[in-house]
Amino acid sequence: MNVHAFRHDTGLTREHYVDPAIYALELERVFRRQWLCVGHVSDVPGVGNYFSDHLVGERIIVVRSSESRIQAFLNVCRHRGHHVCSEARGRAKVFTCPYHQWTYNLDGSLKRAPGFADGEDIDLKSWGLHEVELGIWNGFIFVWLGKRKAKPIAECFAFDNAGLAKLEPEHMKEVGRERYRIASNWKVLLENYLECYHCHGSHPELCVTMDVEATYKNTDEDWKGEYFAGPVQLYPGKVTASMTGALVSKPLGELAGLPDPPAGYGGGAGVLPSLSRIIFHVDHAVMHVLRPIDVAHVGWETRWYVSADAVEGVDYKPETVTEVWRLTNAEDIALCESTYRGVCSERFVPGPLHPRREGAVRPTLDTYLALMATP
Ligand code: FES
Ligand code: FE
């Protein structure tokens, strides 16, 4: 048989996974050109509630600056660059830089610069914190770190949201969060997330409920372009993604009022290739986000949400809500770290991708290459 008769899609060349210069360009052309999910409206319930984060080489603060407005700023003092906020989360009336005590209002404007007389020594109005564009989709908060104007989030996530609106996704609370540091290039993790070829062999917990065959079809057909939506299909009779397929919390939103929760209900949306993903099941939601650290390390964070009305110990136990993905993440981390050690081999060349079971990998890598080729 002439093996050259076969034509296969493959991953990228080895240099894409090991070259620091390519990694530096990715921060600019991929991660600063897409909406990145950083949290949920429940993180900032009241005026002055804030959280800070560190992603794609930037430190940011997200704050509810008024009843109706959530804003994001670079956590970088306009005086000499010290961070303005050192806490991961909290409630503030103002942000005061610990270095020389420049003080900023919740809307980012500079309120006071000790020793500088406003209008004589400084124009306070000109030295507010740099604002970061922020968008909200179904209760989830996204930021756009690039200097170029963001594409409006409503245009990017222009999906039919009617099914999700019923879940009242703004009305949820976080019940678990895990952040991992993984010894792998970020694209190995991305490629792993894009395919379920490995699921039967590696994810016994996920495969209790997730319909793997249907998932191949979904990823082939729905996971196209930078922003995608689509169903998350469970096996017949399974109500949610759990270790048994039975509920792990009270149903979300309007579904709580139904006599029986609908079986197999699930959907979500995502951003590729920077990889933010939100998955809604009938009784809980999961957020996954990828955070590049350097060419050989990537962060991965998963957060779990249930209805804001659900009562711990009565409607849910956090360890039960989080169980499937805690175990699945640990399995994926081991797979990705081993794969990356192989990719670093001098003799690594990318092998053939399965056309159906790994059908979303190459189209997403093509999206990545198109972003990388655009100055
Ligand atoms: Fe913030 Fe000086 S660096 S007040
Ligand atoms: Fe996996």
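Notes on the structure follow. (Residues numbered from 1 in each chain as written. Chains lettered and ligands numbered in written order. Predicted model: local features only at pLDDT ≥ 70, side-chain atom pairs only at ≥ 80, totals over all residues. Heavy atoms only, no water.)

## A short note on the pattern of salt bridges
Turning to step 1, where the next piece is worked out: For the structure shown, the criterion picks out 18 salt bridges.
Turning to step 2, where the next piece is worked out: A salt bridge links R291 to D53, with the nearest nitrogen and oxygen atoms 3.6 Å apart. Of this pair, R291 sits in strand β15 (residues 285–294) while D53 is found in strand β2 (residues 49–55), placing the two residues 238 residues apart along the sequence.
Turning to step 3, where the next piece is worked out: Across the salt bridge formed by R356 and E213, the nearest N and O atoms sit 2.9 Å from each other. Residue R356 is located in the loop between α9 (323–343) and α10 (361–372), and its partner E213 is located in helix α7 (residues 212–221); the two are separated by 143 residues in the primary sequence.
Turning to step 4, where the next piece is worked out: The exposure class of E213 is partly exposed, given its relative accessible area of 40%.
Turning to step 5, where the next piece is worked out: Each of D43, D53, R89, E174, R177, R179, R291, E301 and R303 takes part in salt bridges that share partners, so that together they form one network. (Salt bridge = Lys/Arg side-chain N within 4 Å of Asp/Glu carboxyl O. Helix = DSSP H or I, 4+ residues; strand = E, 2+ residues; numbered from the N terminus. Buried < 20%, exposed > 50% of the residue type's maximum accessible area, 1.4 Å probe, protein only.)

## Some details on the sheet that holds strand β7 (residues 103–105)
Turning to step 1, where the next piece is worked out: Read from one edge to the other, the open sheet built from three strands follows the order β6-β7-β8, with strand pairing classed as antiparallel. The open sheet has two edge strands, β6 (94–96) and β8 (110–112), and neither has a second partner. For this sheet, the mean angle separating the axes of adjacent strands, direction not counted, is 35°.
Turning to step 2, where the next piece is worked out: Sheet topology note: the β7/β8 ladder contains two bridges and is antiparallel. Looking at the pairing, Y104 lines up with L110 of β8. (Pairing = 2+ DSSP bridges. Axes fitted to C-alpha atoms, helices over the stretch in contact; angles between N-to-C directions.)

## Here's the deal with the pairing of strand β3 (residues 58–66)
Residues in a regular strand point their side chains to alternate faces of the sheet.
Turning to step 1, where the next piece is worked out: Across the nine residues that make up β3, a large majority, seven, are buried.
Turning to step 2, where the next piece is worked out: Pairing between β2 and β3: six bridges, direction antiparallel. Bridging from a neighbouring strand, D53 pairs with I60 of β3.
Turning to step 3, where the next piece is worked out: The hairpin formed by β2 and β3 contains two residues between the paired strands, and V56 there has a positive phi angle of roughly 50°.

## A few points about the coordination of the iron ion (ligand 2)
Turning to step 1, where the next piece is worked out: Surrounding the iron ion (ligand 2) are the protein donor atoms H198 (NE2), H203 (NE2), D332 (OD) and D332 (OD), at 2.0 to 2.6 Å.
Turning to step 2, where the next piece is worked out: Coordination at the iron ion (ligand 2) is irregular: its four donor atoms span angles of 55 to 151° at the metal.
Turning to step 3, where the next piece is worked out: Coordination of the iron ion (ligand 2) draws on donor residues from a single chain, spaced H-x4-H-x128-D in sequence. Within this pair, whereas H198 is found in the loop between α5 (186–194) and α6 (199–202), its partner D332 is found in helix α9, the two being separated by 134 residues in sequence. With respect to burial, H198 and D332 carry one shared label: buried. (Donors = N, O, S within 2.8 Å, 3.2 Å for Na, K, Ca; no water. Tetrahedral: all angles 85-135°; square planar, octahedral: opposite > 155°, others 65-115°.)

## A few points about α7
Turning to step 1, where the next piece is worked out: By the burial criterion, the buried members of α7 are V212, A214, T215, Y216, N218 and T219.
Turning to step 2, where the next piece is worked out: Against the buried residues of α7 lie α5, α6 and β12 (227–231).
Turning to step 3, where the next piece is worked out: One side-chain oxygen at the N-terminal end of α7 lies 3.3 Å from the backbone nitrogen of E213; it belongs to D211. (Contact = heavy atoms within 4.5 Å. Polar contact = N/O pair within 3.5 Å; in protein donor to acceptor, adjacent residues only side chain to side chain.)

## Describing the sheet that holds β12
Turning to step 1, where the next piece is worked out: Taken in spatial order, the six strands of this open sheet run β11-β16-β15-β14-β13-β12, and their pairing is antiparallel. Each of the sheet's edge strands pairs with one partner strand only, and the pair in question is β11 (172–182) and β12. Adjacent strand axes in the sheet meet at a mean angle of 15°, parallel and antiparallel pairs treated alike.
Turning to step 2, where the next piece is worked out: As paired elements, strand β14 (residues 276–281) and β15 share five bridges and run antiparallel to each other.

## Focus: the side chain of Q71
Turning to step 1, where the next piece is worked out: The topology assignment puts Q71 in strand β4 (residues 69–74).
Turning to step 2, where the next piece is worked out: At a separation of 2.7 Å, a polar atom in the side chain of Q71 contacts the side chain of S65.
Turning to step 3, where the next piece is worked out: Within polar-contact distance, the side chain of Q71 engages the side chain of E131 at 3.0 Å.
Turning to step 4, where the next piece is worked out: Filtering out sequence-adjacent residues up to four positions away, Q71 remains in contact with I61, V62, V63, S65, L106, D107, E131 and L134.

## Regarding helix α2 (residues 20–31)
Turning to step 1, where the next piece is worked out: Here α2 spans 15 Å end to end across twelve residues, near enough to the 16 Å set by a 1.5 Å rise per residue.
Turning to step 2, where the next piece is worked out: Listed as buried for α2 are I22, Y23, E26, L27, R29, V30 and F31. (Expected span 1.5 Å × (residues − 1).)

## Considering the state of the cysteines
Turning to step 1, where the next piece is worked out: Scanning the entire structure with this criterion turns up one disulfide.
Turning to step 2, where the next piece is worked out: One disulfide bridge connects C196 with C199, the sulfur atoms lying 2.0 Å from each other. Because the torsion about its S-S bond is -100°, the bridge between C196 and C199 counts as left-handed. Residues C196 and C199 agree in their burial class; the two are buried.
Turning to step 3, where the next piece is worked out: Not engaged in a disulfide, the cysteine C207 finds its nearest cysteine sulfur in C199; these two sulfurs lie 5.3 Å apart.
Turning to step 4, where the next piece is worked out: Its relative accessible area of 15% is what places C207 among the buried residues. (Disulfide = S-S within 2.5 Å.)

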